[in-house]
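Fold and contact review
If you want the building blocks of each chain, they are given just below.
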Amino acid sequence: MVHATKNAMRRYGVMYALLLPGLLYFVIFKYVPMVYIAAAFKDYNVLRGLWESPWIGWQNFETFFNGVYAGQIIGNTLLISAYKLIFSFPAPIILALMLNAVTSNGFKRTIQTLTYLPHFLSWVVIYGLLVAFLAPGSGLVNQLFNTFGLERISFLTESGMIRSLIVTTDIWQSVGWGAIIYLASLAGIDPSLYEAAKVDGASRWRQLWHITLPGIRNVIILLLVLRLSAILDVGFDQIFIMLNPLNQENADVIETWVYRVGMQEGRIGLATAVGLFKSIIGFVLVLGANKMAKKFDGQIW
Amino acid sequence: MEQVTIWNRLGKGLNYTLLTLLAATCVIPFLYVISVSLTPISEVIRKDGLVLIPSHITWTAYEEIMQGGRLFDAYKVTIFRVVVGTLLNMLFTVTMALPLSRKAMPGRSGFLMFVVFTMLFSGGMIPSYLIVKEVGLLNSEWALIIPGLVNAFYLMIVKSFFEQLPEAIDEAARIDGAGEISILVRIILPLSMPVIATIGLFYAVWHWNSYFDALLYINSPENQPVQLFLRQILLASVAISGDAAEAANSVNPVSVQMASVVVTTLPIVAVYPFIQKHFTKGVLVGSVKG
Amino acid sequence: MKKTSYASLLLSLAVLSGIVAGCSGSGNSGSNNSEPAASGQPQSGEQTDKKIKLSFYNTIGYRQTTPMPALEQDPIRQMIEKDNNIDLEMTLGGENWKDKLNLLITSSQIPDIITFPDRASAVKYYDQGLLADLDEVLAQYPDLMASFDPTRLEPMKYKGKTIGVPASEGVGGVNGWWINTTWLKKLNLTEPTNPQELLEVMKAFTFDDPDGNNKNDTYGFVAMLPKDGSLGYSTAGPKGFQQIFWMFGVQPNFVDMKDGKVVVYNTDPKTKEALQFIKDMIDAKVVDPDWVTIDDGLKLDNKMYQGKVGVMVADWRRMEPADQQKMKETGGSTPEWKQIAPPKGPNGDQILDAKVFQQSLLGLSKEVLKDADKTKRAMEFIQYLYTSKEAYPYLSYGIKDKTFTETGGQFKLIDKSTYNEKEIEWRYNYAFVRKSDDSVYFDFKNPTVTNANQELNRSYLKDNNINPRIVDTDPMAQDRLKYVNEMMLKFVTGKEPLSNWDKYVKTLDDKFKQADAVAAYEQQLKDDGVMK
């Protein structure tokens, strides 16, 4: 054992040395602040500070789970999260593959640059645009509906449409940005593999299936596993701006609830408790997903 | 054979059409933002904000936000944090990713878990502020850089790309007697240009877009980045005092708001086309052969 | 392999715990050296002349998101510092003022003077131990106390203690009922005085083509739905339906006292009547359907400038030339908008809004009170802010000969087009001392009409000494609010029939424990001494 360690030090000494400053960073700026997770079990009072605030056990968690709307907001969170996982997650992969199939370099670069634009607009601005298009009275779409004698639809305040709207705008906003990482991954695939396939007479679909997808498989697995870590974060900025009392039945989520009850009311302990709950769920999922990924040799640690 | 080409052509046509449509929908918001910024406010209101092409152009909104020089001070801060911050981010990320990509290194999975854990659990805003204060970074532009030195997510991505490099190249270099650092600089980095460019872009954009750290850590006006400038213009209508008689006066016209979106967004958007060349196929083989 | 990985994790944790210990240790020492300047220097006779540092947490300035310039570029701060012999360290709260204040507190940088935009927050921080009782201190500053109207001082009391002084003065009767009299004349109608007449006028404005363009493009009424989702009373200041509710003498999310008992309007039968009326308005299609996406006052005002609406609730200053100009540029004409008295409801209620309640508060931290000298200097500074005749023009009107002029003791604002206002907008963060009736500050170009409008509005304000004192303390409060807001909207949009009103009341009582909330309100009102 001692011998093995010595051996490892000789072989990987430089490696450990390279790792050290980064680890120190993580300890100081990430791990030390984690002490404050204790606030989840405290009646946190800013003036008394973390240590002096009284312990209250699971009370913050109980407040959250016993809330009248707990079922509704957890349900909405899970649903929106699931939709985003099913639709928003693969979207950039598909876009990257579509771009990859484009042979004209100029076209490819133009499309790439244009699709990445929405990432730079804040949700406040995007919502302003949505209102201009979809407002029930003056919105462009409803004015058209009106001209053709159709019934006006209040897209932004209809609880039946809000989830689809959230997911669609999310895909639209993030697809170009998300595709970048897959494009980088595609660039790493050895072109000689394609040449060999062509010689073998493999169709484009077969090339996609046997060369392209395996080539980016590990990145997909990595991003999927890491995505699971934030399964209960469904995009506060977006939902907060799109949420209103007419659609909240289907759109109020954990984060917006925490904002109202925890942050605005200054209940830091409660906000921390809900954050901890979300973290633990994410942690369990990541552990599980990593075990699964191991079967494909795609584990991330 | 004939059939295949027809399907191929159809597929190609469909692919081009869909991509063009998607790109078109992505251009609309920018067209909207730019048009509103150039349109007289009365026209914007008359058309309920729906101006995609301005009927006549006015630059008053831009003149208004350029005045006073605050915007240029803010650019200085932002450019500093983007350039210096991204360089430091890359340095630390790459030096961490290299050891973490060595599958045989003892303790590796423990370290990886140590990193991933920080993506899941966080102590929140208060302790982070206390650390920044204890380290003495409060009110310094370094407070915008040091606390975000390594992004665990990006670190994992770089590490995963490093893992995929053919080990044979690495081993060959080692047999030639090259040290770890020279392997990194001479072989791994050139081979990893796509991911280096990507993560560099991600860090740069993150730096460009962040404002919350500046909001908390920076008090002096001369150290405020452009995103705070933008927020101040967008959110001037937020009446904290709830004083109805004062609230209305502080609102910036929507054309001024959109003009500030333009000036705070265009510079970073313009970076992307320059980075794209690193995404071209064949980088790997080319560099190995060369 | 496995063993070593755990070993490295353990090693990391060991390093971690070491750092935690070190960090918390240094944290304690940090709190001790926060105020060495005051006690460290030798005590001399002319102690009061010594320059001292005062930190001031400002959440009440009128441009919270505009940062303050450096000292050299801020003549107002230079004046304040010279006049008071202090270093003024002012921090703006901004939109995240609670977060910022919390950070200052936890990192032992508690400001000496702290302002709060609303009483409820001040009370909350007082209860946590931030603010000092000021009764004894204030007794030594009769001039300062005399400068405030007693009705503004009264809300500064909490549990029998005075916890601050009134910070900024609210203007009453800001929003009033406006009607487009050009349309009224065209359609030969008279000003509505009750709900039935109001609905008839709105219908005519919607369907009888009041602008004569042969298009069905006008609406009788426009309202808004603020971000917090309340159809009625809310801190976001919603306009429109709030005034319809007042016509029936009630208001959603408003607590009042009648015959010595706490009344919650959310379950009042008159609220049901008001909801029915609003539903009738919406069903009659006289309300601009955009009301569901109008979430701030600016978007509402735009409807007035567009000139496609006939009745609305808006700011009393809308017939000032600048607004008329906007109407002309946007809508193509300047309709004769006129303010009218609120229509009288079926139960005889003629209410426009609630009176202004002194919400904002300026207090001293407990830390300051431990140091008698510093307390004295801080109080002198506060007295200077609110009573100095020499400083007032600079604090309220800005920079002499740039934003205002003085001729023989008469002050006048300089037209804003002559200078770049953006550059010196920060000055409004000192303007919180301005008086609410300062005609120089408000600088009306059409004073006869504008002042008459305000006079009219002010004569229909309801007493407001109960609701602003209410603080929801139970964790269920936000959920209850959500339920009420959601149900009210469902009632008026027809998604829930009003016949389910009783069910709604029962749900509030059973599921949302309204009785508990009322009991808490009673306790708070007793603490404040307004309920026996």
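Only a predicted model underlies this, so the values are computations on that prediction, with no experimental measurement involved.

Criteria and cut-off values
The residue numbers shown here count from 1 along each chain, following its written sequence. To read the labels, note that chains go from A and ligands from 1, taken in the order they are written. Only residues with pLDDT of at least 70 are given local features in this predicted model, and only at 80 or more are side-chain atom pairs given and counted; all residues enter the totals for whole chains, interfaces and linings. The basis for the side-chain values is all heavy atoms of the structure; hydrogens and waters are excluded. Starting at the N terminus, helices and strands are each numbered in turn, a helix being any DSSP run of H or I of at least four residues and a strand any DSSP run of E of at least two. Residues count as neighbours in contact if any of their non-hydrogen atoms are within 4.5 Å of one another. UniProt positions are given in the numbering used here, feature names are shortened, and annotations may be inferred rather than shown by experiment. The split of the chain into domains comes from an automatic or database domain assignment. Summed over both partners, the accessible surface that disappears when two parts come together, traced with a 1.4 Å probe, is what is meant by buried area. Pairing between two strands is assigned when DSSP locates at least 2 bridges connecting them. Structural elements are reduced to axes, namely lines fitted to C-alpha atoms, with helices fitted over the stretch in contact, and the angle between N-to-C directions of any two is expressed from 0 to 180 degrees. By definition, a salt bridge exists where a carboxyl oxygen of Asp or Glu is found within 4 Å of a side-chain nitrogen of Lys or Arg. Three exposure classes are used, based on accessible area relative to the maximum for each residue type with a 1.4 Å probe and protein chains only: buried under 20%, partly exposed in between, and exposed over 50%.

**Notes on the side chain of Ser81(A)**
Along the chain, Ser81(A) falls in helix α4 (residues 70-88). For Ser81(A), the contacting residues outside a window of four places in its chain are Arg227(A), Ile231(A) and Val234(A).

**Focus on the UniProt feature "transmembrane region" (unreviewed entry) in chain A**
All names here are of chain A. Under the local residue numbering, the UniProt record ascribes the feature "transmembrane region" (unreviewed entry) to residues 12-32, 85-102, 114-135, 171-194, 215-236 and 268-289. As a span, residues 85-102 carries 89% helix and 0% strand, and end to end its C-alpha atoms are 26 Å apart. Taken end to end, residues 268-289 has its terminal C-alpha atoms 31 Å apart, with 100% of it in helix and 0% in strand.

**Thoughts on the domain arrangement of chain B**
All names here are of chain B. Split by domain assignment, chain B resolves into domain 1 (2-58) and domain 2 (69-289). The C-alpha-based centres of domain 1 and domain 2 are spaced at 30 Å. Residue-level contacts link eight residues of domain 1 with nine residues of domain 2. Together, the buried faces of domain 1 and domain 2 total about 680 Å²; carbon and sulfur atoms form 89% of this surface.

**Quick notes on the UniProt feature "domain: ABC transmembrane type-1" (unreviewed entry) in chain A**
Within this numbering scheme, the UniProt entry marks residues 74-289 of chain A as carrying the feature "domain: ABC transmembrane type-1" (unreviewed entry). Across residues 74-289 of chain A, the secondary structure splits into 75% helix and 0% strand, with the terminal C-alpha atoms separated by 21 Å.

**A word on the sheet that holds strand β14 (residues 361-364) of chain C**
Neighbouring strands of a sheet are bound in pairs by backbone hydrogen bonds; such pairs are parallel or else antiparallel. All names here are of chain C. One open sheet accounts for five strands, arranged β2-β1-β3-β14-β6; its pairing is mixed. The strands lining the two open edges of the sheet, one partner per strand, are β2 (86-92) and β6 (165-166). Two strands pair when backbone bridges link them, and β6 and β14 are joined in this way by two bridges, in the antiparallel orientation. Bridging across to β14, Val165 finds its partner in Leu362. Of the strands in this sheet, β1 (52-58), β2, β3 (113-116), β6 and β14 are in contact with helix α16 (residues 372-387), which crosses β1 at around 55 degrees.

**Digging into the pattern of salt bridges**
Side-chain pairing between opposite charges can occur once the charged atoms of the two side chains come close. Residue and element names in this part refer to chain C. Tallied over the entire structure, the rule returns 49 salt bridges over all chains. A salt bridge links Asp283 to Lys279, with the shortest nitrogen-to-oxygen separation between them at 2.9 Å. Here Lys279 and Asp283 lie together in helix α12 (residues 269-283), a separation of four residues that amounts to about one turn. A salt bridge links Asp474 to Arg480; the nearest nitrogen and oxygen atoms lie 3.1 Å apart. The class of Arg480 is buried, set by a relative accessible area of 6%. It is possible to trace a salt-bridge network through shared partners that takes in Arg119, Glu154, Arg469 and Asp528.

**Re the UniProt feature "transmembrane region" (unreviewed entry) in chain B**
Residues and elements named next belong to chain B. Per the UniProt annotation, the sites labelled "transmembrane region" (unreviewed entry) are residues 16-34, 79-98, 110-130, 142-162, 183-206 and 256-275. Secondary structure over residues 16-34 splits into 100% helix and 0% strand, and the C-alpha atoms at its two ends are 27 Å apart. A helix fraction of 81% and a strand fraction of 0% characterise residues 110-130, whose end C-alpha atoms lie 28 Å from each other.

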